[in-house]
Amino acid sequence: MSNTSTGALNDYATMLRRSRWLMITMILSSIALGVAFTAWQDDVYESRTSVLVQPVGTERDVAQARTNGQINLDTEAQLVRSTEIAASAAEKLGESNQTKLRDAVDVTVPPNTAVLEIRFQASEAEAAQQGAIAYSEAYLEHRHDQAVTNLAQDREANTERKDGLVEELDILRDRLANTDPEGSAYTQIQGDMERLNNRVAELENENAELKAAEESLSPGRTINSASLPTQPVSPNALLNVGAAAAVGLIFALLIAYLRHQGARRVLYPSDVTQRCGVDVIGAVPNSVRFRSREVFGAYSPGGRLFSQMRNVVVSQLGERRKIIVTVGVSPGPAASIVVANLGSAMARSGDRTVVIAGNPTSTVGLSELSETNPIPGLSDIWSGRVSVKDACFVAPRRPGLQVIGSGAAARATGPTSEATTDTFQELAEGGNIVVVDAPPLSCSADAQMFASHADGVVLAVQTGRDSVKATMESIEAIEKVGTRIIGVVLLPSDLGPMMEAPAPGRAQSENEGEAADNMPADNSPTDALDVVEKEGGEEQPSDDGSPQRKEPAGQS
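If you're wondering where the values come from, they're calculated on a predicted model, not measured in any experiment.

Student: Outline a nonpolar patch on the surface, listing residues and values.
Tutor: Together, V247, F251, L254, Y257 and L258 give the surface a local cluster of nonpolar side chains, amounting to about 490 Å² of exposed area. Following the sequence through the fold, F251 ends up in helix α8 (residues 237–261).

Student: Any details on the sheet that holds strand β9 (residues 398–404)? Residues and values, ideally.
Tutor: Pairing is mixed in the open sheet, where eight strands are placed in the order β5-β12-β11-β6-β10-β7-β9-β8. Looking along the sheet, the strands with just one partner apiece sit at the ends: β5 (280–283) and β8 (392–395). Neighbour-to-neighbour, the strand axes of this sheet turn through a mean angle of 25°, independent of strand direction. When strand β6 (residues 323–328) meets strand β10 (residues 433–438), the two strands line up parallel, connected through five bridges. Note that in β10 the partner of T326 across the bridge is D437.

Student: Quick one: what's the story with the sheet that holds strand β4 (residues 220–224), residue by residue and with numbers?
Tutor: Read from one edge to the other, the open sheet built from four strands follows the order β2-β3-β1-β4, with strand pairing classed as antiparallel. A strand with exactly one partner marks an edge of an open sheet, and here the two such strands are β2 (105–108) and β4. Direction aside, neighbouring strands of the sheet carry axes that sit 30° apart on average. Sheet topology note: the strand β1 (residues 45–53)/β4 ladder contains four bridges and is antiparallel. Bridge pairing in β4 places L52 opposite R221.

Student: Let's hear about a negative patch on the surface: which residues, and what values?
Tutor: On the surface, E156, E160, D163, E167 and E168 cluster together to form a negatively charged patch. If you trace the backbone, E156 turns up in helix α6 (residues 125–177).

Student: Go over the packing of aromatic side chains with me, naming the residues and quoting the values.
Tutor: According to the stated counting rule, one finds five aromatic pairs in the structure shown. Between F296 and F306, the ring centres sit 6.3 Å apart and the planes meet at 25°, which makes this aromatic pair stacked. Of this pair, F296 sits in the loop between β5 and α10 (301–317) while F306 sits in helix α10, and the two are 10 residues apart along the sequence. The buried category is assigned to F306, whose relative accessible area is 1%.

Student: Run through the confidence of the model for the protein, naming residues and quoting values.
Tutor: Averaged over every residue, the pLDDT of the protein is 79; residues scoring 70 or more account for 83%. In this model residues 1–7 is a low-confidence stretch, pLDDT under 50, and it forms two contacts with partners more than four residues away in sequence or in other chains. Counting contacts from residues 60–69, a segment whose pLDDT is below 50, to residues more than four positions away or on other chains yields 25 contacts.

Student: Could you give an account of unusual backbone geometry, naming the residues involved and the relevant values?
Tutor: At the junction of S234 and P235, the peptide bond is cis and its omega measures out at 5° in the coordinates. Following the sequence through the fold, P235 ends up in the loop between β4 and α8. Omega for the peptide link from I375 to P376 comes to -5°, which places this bond in the cis form. Here P376 lies in the loop between α12 (366–370) and α13 (378–382). One non-glycine residue with positive phi stands out, namely N112, at about 60°. Within the fold, N112 resides in the loop between β2 and β3 (115–122). Given a relative accessible area of 60%, N112 falls into the exposed group.

So, how was this worked out
- Residues numbered from 1 in each chain as written.
- Predicted model: local features only at pLDDT ≥ 70, side-chain atom pairs only at ≥ 80, totals over all residues.
- Heavy atoms only, no water.
- Patch = residues over 30% accessible without salt bridge, like charges linked within 9 Å, V, L, I, M, F, W, Y side chains within 5 Å.
- Areas by Shrake-Rupley, 256 points an atom, 1.4 Å probe, with all protein chains shown as cover.
- Salt bridge = Lys/Arg side-chain N within 4 Å of Asp/Glu carboxyl O.
- Helix = DSSP H or I, 4+ residues; strand = E, 2+ residues; numbered from the N terminus.
- Pairing = 2+ DSSP bridges.
- Axes fitted to C-alpha atoms, helices over the stretch in contact; angles between N-to-C directions.
- Lys, Arg positive; Asp, Glu negative; His and termini not counted.
- Charge placed at Lys NZ, Arg CZ, Asp CG, Glu CD.
- Phe/Tyr/Trp six-rings, centres within 6.5 Å; stacked < 30°, edge-to-face > 60°.
- Buried < 20%, exposed > 50% of the residue type's maximum accessible area, 1.4 Å probe, protein only.
- pLDDT = per-residue confidence, 0-100.
- Contact = heavy atoms within 4.5 Å.

See below:
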């Protein structure tokens with residue numbers, strides 16, 4: 001099967017999944033209406049009788065009971081439903097409403113037969129049987145009477161013609177008596193009289209035949225008598241319920257399609273591929289639960305998914321491309337989760353990876369997920385307090401992964417394009433793959449600036465939380481700076497503990513013990529902060545204002 005066909009089937013499946021409960025409700029409601037309509041309808045019984053139509057008088061040919069021949073059964077079928085037959089049937093049934101009887105009768109002609117099937121419907125079985133019998137008898141009687149009338153008219157016409165001929169014979173007989181027997185006129189008169197006598201004899205023979213036909217007249221006969229119906233033909237519960245279910249299904253599919261096309265929030269991959277025009281490189285299903293504030297293990301379901309995403313990202317970047325910016329659509333930890341897990345997957349595969357915490361709006365920090373120190377970090381690098389090398393911490397459980405935390409310094413104007421370029425280039429020149437956690441475009445333009453210095457962008461979208469409109473706006477903002485979007489990673493709306501902000505004073509790294517646990521809020525617009533000393537004198541300020549610490553094992 002082609003990819004186009006598979007994609008179309010997936011789109012249809014997505015449409016059905018999105019509106020499955022609505023569709024089920026509509027179909028069940030339609031079925032209920034069908035059942036109610038069936039219960040509301042009155043019972044209708046039908047009885048039928050078959051009448052064989054035979055020629056009468058001079059008729060000889062039926063000719064497949066259609067249009068060729070003396071008898072046209074299509075005309076006879078219409079005759080059964082005529083007012084004349086209805087009047088006769090009404091008299092037999094004692095019914096005064098002839099229109100009601102005409103509406104209750106139906107006549108069909110089976111192909112290649114000389115048979116009329118007369119069906120009569122009534123609210124009671126006995127009435128249906130009696131109606132069918134009355135109509136068949138009324139039709140045969142009407143056909144018999146009509147034939148008798150026609151034969152009588154023919155005999156009367158023949159009698160009138162014979163009387164005229166007899167008068168002509170009397171006149172010729174008188175002329176013959178006064179004509180010379182030896183003349184030619186006498187012979188001519190005798191010839192005329194002979195012809196008239198022959199014609200009179202023919203008319204007498206025709207009348208005799210007509211009389212015999214009238215005495216043996218048989219316009220037709222009933223070959224299948226009307227029986228007493230045992231069950232009603234209407235309402236048809238199966239037909240009503242099936243039709244109602246079909247109508248409900250059609251409307252349900254129409255509403256599901258319109259609802260799918262007009263969906264406001266991203267729920268399925270097709271919402272991104274169809275309406276936003278960007279590929280989905282991975283989707284974390286709702287079955288994957290975020291039970292703790294940590295990175296997925298290598299062999300967990302989530303870990304396997306991010307390992308597959310790593311393969312897609314690296315294959316699309318190529319060998320020389322090293323900088324990846326991950327940005328979320330709305331404020332939250334979505335991008336941070338993708339960066340932490342994607343970076344871990346790259347480190348596990350042997351890639352030298354550096355992840356950068358550049359998203360101050362996230363409820364979880366990369367340093368927390370990687371169990372490294374957040375200070376010094378990115379803001380300290382850009383403020384000039386420390387170098388890039390001094391801000392890199394090796395994750396204790398993933399030696400191939402280095403983490404640059406958010407840092408402690410504050411800048412009133414935010415990062416500059418020059419500082420961003422220098423930082424990214426220095427990290428990339430060391431042979432590292434750099435994965436940047438950028439703030440969402442809905443609340444900051446930093447992600448757009450980060451993307452302008454990146455080789456590719458990964459968009460983190462939370463299903464059921466992020467809208468299609470906001471996703472499209474984020475994609476357009478990135479495309480405006482000319483950076484290629486590698487794809488979208490879909491995360492569930494429920495991220496469990498990841499959605500909760502850490503409690504004040506929570507240690508960022510219990511194993512290292514080097515970060516300041518109770519760092520006060522930093523609201524100053526300066527480029528540098530005073531060093532915060534930890535209790536016990538484990539950290540001392542250096543001459544440049546940065547904390548002194550031991551280099552972690554495996555630091556590059």
